[in-house]
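So the chains spell out like this:
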Amino acid sequence: MESVSGNELIAKSLVTNGISYVFTASSDRLTPLISCLKSKTGINVIIARNEGAATVMADGYIRRSGRFSAILTDDNGRSLSQIYGVANAWADKIPLISLSICNDDEADYNKGFNRYKFDQNGVFHEITIWRSRVNSIESLSDTLKKGVYESTRHKRGPIHIDIPFGLLDKTIAIDNTLFSESDFATKSKIRSVRLAGDELEIDKAVSSIKSAKKPLIFCGGGVIASEAHDDVICFMEEFKIPAATTMAGFGTIPIDHNYSLGGPAYTTGEAFHVAINDADLVIALGVSFCGVDGFGLPPLWSDKIKFIHVDIDPLQIGLNVSPEISIIGDVKTVINQLSAKLRGEGFISKPAWRSWAKYLSNLKKGRYKRLNKAINKDWPIIHQGKAMQELGKVIKRDDLLLVMDGGNTPVFVAMYTPPMGPRQSFYPFGMAAIGCGIPYAIGVQLASPGRRVILITGDGSFLYHVQELETIRRLNLPISIIIFNDSAWNMIRAMQYSMFAGNIVGTSLPDIDYSKIAKGFGLHATRVTKVEDILPAYENSIHSSGAALIDIITDKDNFPDCLLSFSLVEFDGLMRLLNPVKLIKSSFLILGLGRDRTFLLLSYIKKALFRINIIAKLRS
Amino acid sequence: MRIITGGELLLSVLADCGIKQVFSIAGEQLGTVYDAFGKFPEINLTVPRSETSAALMASGYSASTGYASVSMATVGAGVVYEVAGLSKAWFNYLPVISIAPQLQSWKIKPHQENLQGCNQDEIFYPITKWNSIIYSWERIPQIVYRAFREALQGIQGPVHIDIPSDVLFRYKILTEKKRRKIMPPAEKTMYRGNIKGDPFFLKKACDAIKESERPVITLGQGFGRPGRYQEIKQDLNRLGIPVITTTISSGALCGEDNCYAGDISLFISAASGLELLKRTDLLLVIGMDPYSEHALSIIKDSPNLKGVIQIEIDPSSFKDNITNLCPVHSDPHSSLSYFERELKWNETDLSTWRDDFNKNCDLLALELSKELKNLDELFDSLKDISSCNDIFIVDGRELSLAASCFLRKAVYKNLFIMDDRDLPGAGLPFALGAVIGNPNDNVVLISDKDSLFHHIRELQSAVSIGLEFTIICVDDISNNNVADSSLVLQSMGCNVKEVDRLSIKRDDIFKTKKNIPNAFILKSKSNSPN
């Protein structure tokens, strides 16, 4: 038996539960705990300038490494600063361990006088999958263990634990043998639960696949969580089935793969739209059918599709689509079960599937050809797509670690992305929160020692966490920040342009030289205004020793065409409420953007949206 | 007769309620609201660089002007950024109206994996006085009026409203008849008179004060920076009882108020401070939980203390676990002016006790100042040059303590001390809110480097809008920060001057450069990373 303080017990419990990184921001009350973590455990403590940023860093670390990390903050406002970081983790199902100090007194629900007695745990209620308040020092290590366990249960997600300040100094006698490495979380990786699918359902799925004429695989974040991407690629190659990915599954199938439809979800353009309208069977692997993927429902998706839905969480089944066959299990295990069964029955593939895959592949090639032609025109101001295209020339695909941030910027990145694998691109798809790029890049970099992280961000989103440039410099992290500076909150500006007759309010930003700001923080920085300067700037940045920033002036009048698909879901039921006079004026404004831009938009409407008979569906 | 969208109706109700300032970042679901801004020139829209700052600026605006203000953020991602900022308004009892769009009403509660969807109203529940969702176009005015009532009446605080995007996008015909029905005049939707109090309890309180020889007043949030601040200040000075400010009212009184004894932090930091507090025989507690402050909870067992008189605008907040001689349910101005009228004190009646108490407070301040030796020069110079047009905002743990000690005798319009327990680094956006709300006053932000860096992006907003104010950044107590603050502030567009010691003239500090922030970096120790 050994007598330890609350601080030491927390440190021991964190190590036992496989947490190797703790992110925090400086706070006097946390100093003893932080020094305890540093001196008595091998945990790396990263101090950010702000609690919110620290939370996003922890999230980024988990996304890249597949290992646990925790965020630790003081109470009140410091704890609430975590909210947006935790919300991102919740929406994207990331097992983030959030710990806060709290008031020793229980919350006083009479909302009167002492506002410090508020219900701190309650604020986290809607954005965590489990939360608790430690009541005594005896229950501290059990609560932490339970929290870590809950974070990986079924659908993963963040958990939050409040620890009363008074417990930190209390002492307790513990049995050291109990603090050995736990079963479900090891220092190496968050272990996936390899749940096998029900044989009966597998049989049904196999016969359904065999009878399909135009099957499609749809990979979600579950494929990454289960580390099943290689198995899925083997499956699609063996049976010649084309595959698309959700936003969260970005990277599971490299875009240059013959059977890949291209970038994630609707950024793929016509290949995706045609696939989700003409397919008769969709094998959905670890997909939550969320809004950004069109819910798996009309208007984007055909209502004639049969779904085989594979997910580890029974609560996901039937949430938006009603699958013909549902399999509860781990994606990696189930996909191997399916291929073994198909192979066992001597099934190879169907010639029709090959031509179906080829047809979609041609559509993908057609779109990339069109997009590349458009960006290589002689634009007076740099096109975002061109800036992306140049990036592919300076970095090898296996070396690429790409963090995206912003409104239109991640859409441009996804449209013009160079090919890469899973856990190489990072963006909070569920919340689509702008401004988290810098802390994500820090978290991702810490999870990949020695490798360079590229952050592509917009000008609006860049400043959200600009203070963390100090953290980048202090830790001397090799991060290249690329800003697409179009002097606007451009996703919203695009909406004001195209739906409110160009009534631009509150979405213009001044022309700011962000390279100057980066230099102020002690980073190497440069501003690029000409296409020919992009490549040398990238090369300098990538070969520099530490962090570097490139501020690229881009054209605010470029809108990603695939936003039109997104709008159909986002503004579902709202389009008919818009002022028709303003809509007509808006269409004239769009025509005024020039022949090339209009041509791109019209081809998108013709090739992608016309397929789903937009007018009839809007009318209905 | 007009055809108007929900967004326009919302702005027209806000304009009717007297809102002049909205802090917001645009979002797709806010489309119709932004589209309608042009029709309301009386409402100024300020776009900060993060939603957290929008709520903090609104807090600064409310605190420094006394008016309610509006913070708007878009669904999901915007709203979750806003939470931390709005918590400042919650901890500081400030009437900030937070408005956010939600997804379509047929897609919420529960959410089905919608993009950016979450039950955002429930996130706000613990840190708002009241919140609601507006499901119908016609109820926009009714619920917004109610939000204002909830925020401003009783103990003030932030409120939150969610409006589904279909309600904001829907357009309807607003006839004069319909307008009269759904939109009563704003002045009729809220009680604006005094709460005079029960004469029985007022008299009882008055008798207790008459009998008391050593009364002390402690001010809480109910002193009401938003509201009738100046009137109450005059009442306190006329009454002549020594006044102690607490964490929340810190800086409400200044050196020219003869009743002002000092801040509660003086009494906490030295044992003699508690002894001094224990000498009091009657505690008049205005708008606060008497024992929320540690120092006050200690004196409740003092043998000298005969009782407590609690003056409170919200009857549900009377405490029964104290020697509450009489709970006075009234607004502070009404009860204080009643006491003044009834007591008919001469200037000399309490002057001996007050002078003695204040003298002892001077000694406490002197004692504390020895511990804060490195900051005395800064605050002494500020004390000498400050005027009644100055608004000071102090951010940072050590600086806050120093400000309540050294600026005790300074003259200023307002001093806001950012409580370290609330939200670190709130000072900069809070100051910007104060600058926007008080264009004719001089706003000075005194912050340590660590606190300033939390929301340093907002310097860019200040430069873009052309806001003129002064930043004094103390660069010697920051933790583990390798950035050169002069370079960073300069790169953000501030006019920066490095000073070794701050013995400055008023003209240096306030008349340096127009329409951009003027920053003074005070470096007294090396700030190598530890």
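Residues numbered from 1 in each chain as written. Chains lettered and ligands numbered in written order. Predicted model: local features only at pLDDT ≥ 70, side-chain atom pairs only at ≥ 80, totals over all residues. Heavy atoms only, no water.

Quick word on the overall build of chain A
Cut-off, in case you're wondering: Each helix corresponds to a stretch of at least 4 residues labelled H or I by DSSP, and each strand to a stretch of at least 2 residues labelled E; elements are numbered beginning at the N terminus. Three exposure classes are used, based on accessible area relative to the maximum for each residue type with a 1.4 Å probe and protein chains only: buried under 20%, partly exposed in between, and exposed over 50%. Here, two residues are considered to be in contact whenever any of their heavy atoms come within 4.5 Å of each other.
Helix and strand content of chain A: 25 helices and 19 strands. With respect to the three principal axes, the spread of C-alpha positions in chain A is 70 × 65 × 50 Å. Scored against the burial criterion, the 620 residues of chain A give a buried share of 65%. Contacts in chain A between residues far apart in sequence, at least 24 positions, make up 78% of those at least 6 positions apart.

Comments concerning the pairing of strand E11 (residues 281-285) of chain A
Residues and elements named next belong to chain A. Note the cut-off: Note: two strands are recorded as paired if DSSP finds a minimum of 2 bridges between them.
Across the 5 residues that make up E11, a large majority, 5, are buried. Burial along E11 is two-sided: Leu-281, Ile-283 and Leu-285 facing one way and Val-282 and Ala-284 facing the other are all buried. Alignment of strand E9 (residues 215-219) against E11, held across 5 bridges, turns out to be parallel. From the neighbouring strand, Phe-218 faces E11, where its bridge partner is Ala-284. Relative to strand E12 (residues 306-311), E11 runs parallel, the two sharing 5 bridges. Residue pairing across strands places Ala-284 opposite His-309, the latter belonging to E12.

Looking at unusual backbone geometry
Of note, the bond from Pro298(A) into Pro299(A) is cis; its omega dihedral lies within 30 degrees of zero at 10 degrees. Take Pro299(A): it is sitting in the loop between E11 and E12. The amide bond that connects Lys109(B) to the next residue, Pro110(B), takes the cis arrangement and shows omega of 0 degrees. Considering the arrangement of structural elements, one finds Pro110(B) in the loop between strand E5 (96-102) and helix H5 (120-124). Look at Ala265(A): it is not a glycine, yet its phi comes out positive at around 40 degrees. Examined against the element boundaries, Ala265(A) turns out to sit in the loop between strand E10 (243-245) and helix H11 (270-278). You can call Ala265(A) buried: its relative accessible area is 0%. Within the chain, Phe289(A) stands out as a residue other than glycine whose phi angle is a positive 45 degrees.

Overview of the packing of helix H3 (residues 51-65) of chain A against helix H16 (residues 437-447) of chain A
All names here are of chain A. Operational definition: Axis geometry follows a simple rule: fit a line to the C-alpha atoms, using only the stretch in contact for helices, then measure angles between N-to-C directions, giving values from 0 to 180 degrees. Roughly parallel means an angle under 35 degrees; roughly antiparallel, over 145; roughly perpendicular, 65 to 115; everything else is oblique. By convention the crossing between two helices is left-handed if the near helix lies anticlockwise of the far one by an angle smaller than a right angle, and right-handed if it lies clockwise. Three residue categories are used. Nonpolar comprises Ala, Val, Leu, Ile, Met, Phe, Trp, Tyr, Cys and Pro, charged comprises Asp, Glu, Lys and Arg, and polar comprises the others, including Gly.
It is the contact of H3 with H16, at a shortest axis distance of 7 Å, that shows an interaxial angle of 45 degrees. Regarding the angle of H3 to H16, the classification is oblique. In the packing of H3 onto H16, the handedness of the crossing is right-handed. Where H3 abuts H16, its residues Ala-53, Val-56, Met-57, Asp-59, Gly-60, Tyr-61, Arg-63, Arg-64 and Ser-65 lie against Pro-439, Tyr-440, Ile-442, Gly-443, Val-444, Leu-446 and Ala-447. In the contact of H3 with H16, the residues fall into 10 nonpolar, 3 polar and 3 charged.

Some thoughts on the interface of chain B and chain A
What counts is decided by this rule: Buried area adds together the accessible area that both of two parts lose upon being put together, with accessible area traced by a 1.4 Å probe. Salt bridges, as used here, are contacts in which a Lys or Arg side-chain nitrogen is within 4 Å of a carboxyl oxygen on Asp or Glu. Polar contact is defined as a pair of N or O atoms within 3.5 Å, subject to the rule that within protein one atom must be able to donate a hydrogen and the other to accept it, and that residues adjacent in sequence are counted only when both atoms are side-chain atoms.
The interface of chain B with chain A comprises 88 residues on the first partner and 88 residues on the second. Together, the buried faces of chain B and chain A total about 7,300 Å²; carbon and sulfur atoms form 59% of this surface. It is Glu28(B), Arg49(B) and Glu113(B) in chain B that bury the most area against chain A; as a group they hold 12% of the surface buried on that side. Between chain B and chain A we count 6 salt bridges in total. Two residues, Arg49(A) and Asp450(B), come together in a salt bridge whose shortest N-O distance is 2.5 Å. Between chain B and chain A we count 35 residue pairs in polar contact (both at pLDDT 80 or more) in total.

A few points about the environment of Leu297(A)
Residues and elements named next belong to chain A. Position of Leu-297 relative to the elements: it lies in the loop between E11 and E12. Since its relative accessible area comes to 31%, Leu-297 is described here as partly exposed. Beyond its immediate sequence surroundings of up to four residues, Leu-297 is in contact with Asn-320 and Val-321.

Observations regarding the nonpolar core
Using the following cut-off: Side-chain atoms within 4.5 Å link the members of a nonpolar core, which is a set of buried Ala, Val, Leu, Ile, Met, Phe, Trp, Tyr and Cys residues.
Counting 158 residues, the largest nonpolar core has Phe462(A), Phe521(A), Ile393(B) and Phe469(B) as its most contacted members. Counting residues per element, this core draws most heavily on helix H4 (residues 77-91) of chain B, at 10 residues. In this structure, Leu239(B), Met288(B), Ala295(B) and Leu343(B) belong to the second largest nonpolar core, which totals 80 residues.

A few points about the domain arrangement of chain A
Residues and elements named next belong to chain A. The condition is simple: Where a domain begins and ends is set by an automatic assignment or by a domain database.
Once the domains are mapped, chain A shows domain 1 (2-178), domain 2 (199-364) and domain 3 (379-559). Averaged C-alpha coordinates put domain 1 and domain 2 at centres separated by 37 Å. Across the boundary between the two partners, domain 1 contributes 4 residues, which contact 6 residues of domain 2. With both chains or domains summed, domain 1 and domain 2 bury close to 400 Å², and 53% of this area falls on carbon and sulfur atoms. It is His-154, Lys-155 and Arg-156 that lose the most area in domain 1 upon contact with domain 2, and together they represent 79% of the buried surface on that side. Counting every contact that joins domain 1 to domain 2 gives 0 salt bridges. The interface formed by domain 1 and domain 2 contains 0 residue pairs in polar contact (both at pLDDT 80 or more). Of the residues belonging to the side of domain 1 that touches domain 2, the class tally is no nonpolar, 1 polar and 3 charged.

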